[in-house]
Amino acid sequence: MKKLGLILLLLLLASGTAYSQSIGAFAGYGSSAFGDDVDEESNYIPVGAQLLFGSGGNFEFGVEVNYAVVPFIFSKGDIGDMKINQLYYGALAKFKFGTGRGIWPYLRAGAGMYTGTIEYDFTDEINEFGFDDVKMDFKNAFGFNVGAGAEMNISGNNGLFVEFVYHIVDRELDVNNEDMEEGDSSKMTANNWAIHVGFRFGLN
C-alpha cells in the first residue's frame, strides 16, 4: 500500500501537471458499531490529519491518521469499565463533485492499518480482592473506511469540510494463550462511525 501511494505520487510529479497539496486537521464525534460482539454502544472522539495531493481537478489522494483521543468506554457495572483505543493510519482518496469556490459534496474511501489497546479498569472493590487493572494490545489489522462529505472553499485551496466516515475492521488481541482450543478466537468486529469537522490549508 505504501509503495502504491509512492508510485502514484511520483507519476503525478513526473507528468509535469500542476498539482495541489493541502493538509487538513479535524476533530469529531462517533460511535461504536461492534454488533453482537459487544451488547452496547459507546461514543468516542477522534482527532486526526489528512495530507492530500491533486491535479486541480475533482480527484485527490493522500494519507490520513486518526486517533480516538477519547476512547470507546463500556461500563461493566460493579466490575468496572472496558476501554478500547483506536489508532488508524492509511491511504485516502476523495472525489469531489465540483471545484473552485462554493460548497462541493464529495465521496471518500480509504484503507489502512487499525491498532490500539483494550483496558479493563476495575473498581476499587475488585482491586482489593487482588485483581489489578489489565491492558492488552490489539494486533495491527487491515481495514477499510467509506464516507461522504462537503467542502466549502474560502480562498485558494483553504476551506472547511464536514464528513461522515464508516470504518470496517475486525480486530484481534495480541495474546498467545496456549489454553485456547482450536476454533476459539479473540477476534472481534470493531466497526464504527464518526462525523469529522475540520479545516484544510493549501500548501502551494
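If you're wondering where the values come from, they're calculated on a predicted model, not measured in any experiment.

Peer 1: An account of the sheet that holds strand β5 (residues 80–84) is needed here, citing residue identities and associated values.
Peer 2: A sheet is described by the order of its strands in space; here four strands give the open sequence β4-β5-β8-β9, paired in antiparallel fashion. On the outer flanks of this sheet lie β4 (72–75) and β9 (134–137), each paired with one strand and no other. Here the average twist between neighbouring strands, direction ignored, is 15 degrees. Two elements, β4 and β5, share four bridges in a ladder whose sense is antiparallel. Paired with Phe 72 across the two strands is Ile 84, which belongs to β5.

Peer 1: Describe the pattern of salt bridges, listing the residues and the values that go with them.
Peer 2: In total, this model carries eight salt bridges according to the counting rule given. In this structure, Arg 108 and Glu 64 form a salt bridge, with 3.0 Å as the shortest nitrogen-oxygen distance. Placement of Arg 108 in strand β7 (residues 102–115) and of Glu 64 in strand β3 (residues 59–70) is noted, with a sequence separation of 44 residues between them. Like Glu 64, Arg 108 is buried. Close ionic contact of Arg 108 with Glu 163 constitutes a salt bridge, the shortest N to O distance being 3.0 Å. Within this pair, whereas Arg 108 is found in strand β7, its partner Glu 163 is found in strand β11 (residues 158–168), the two being separated by 55 residues in sequence. Judged by relative accessible area, which is 1%, Glu 163 ranks as buried. A single salt-bridge network, built from bridges that share partners, covers Glu 60, Lys 96, Glu 151 and Arg 200.

Cut-offs applied
Residues numbered from 1 in each chain as written. Predicted model: local features only at pLDDT ≥ 70, side-chain atom pairs only at ≥ 80, totals over all residues. Heavy atoms only, no water. Pairing = 2+ DSSP bridges. Helix = DSSP H or I, 4+ residues; strand = E, 2+ residues; numbered from the N terminus. Axes fitted to C-alpha atoms, helices over the stretch in contact; angles between N-to-C directions. Salt bridge = Lys/Arg side-chain N within 4 Å of Asp/Glu carboxyl O. Buried < 20%, exposed > 50% of the residue type's maximum accessible area, 1.4 Å probe, protein only.

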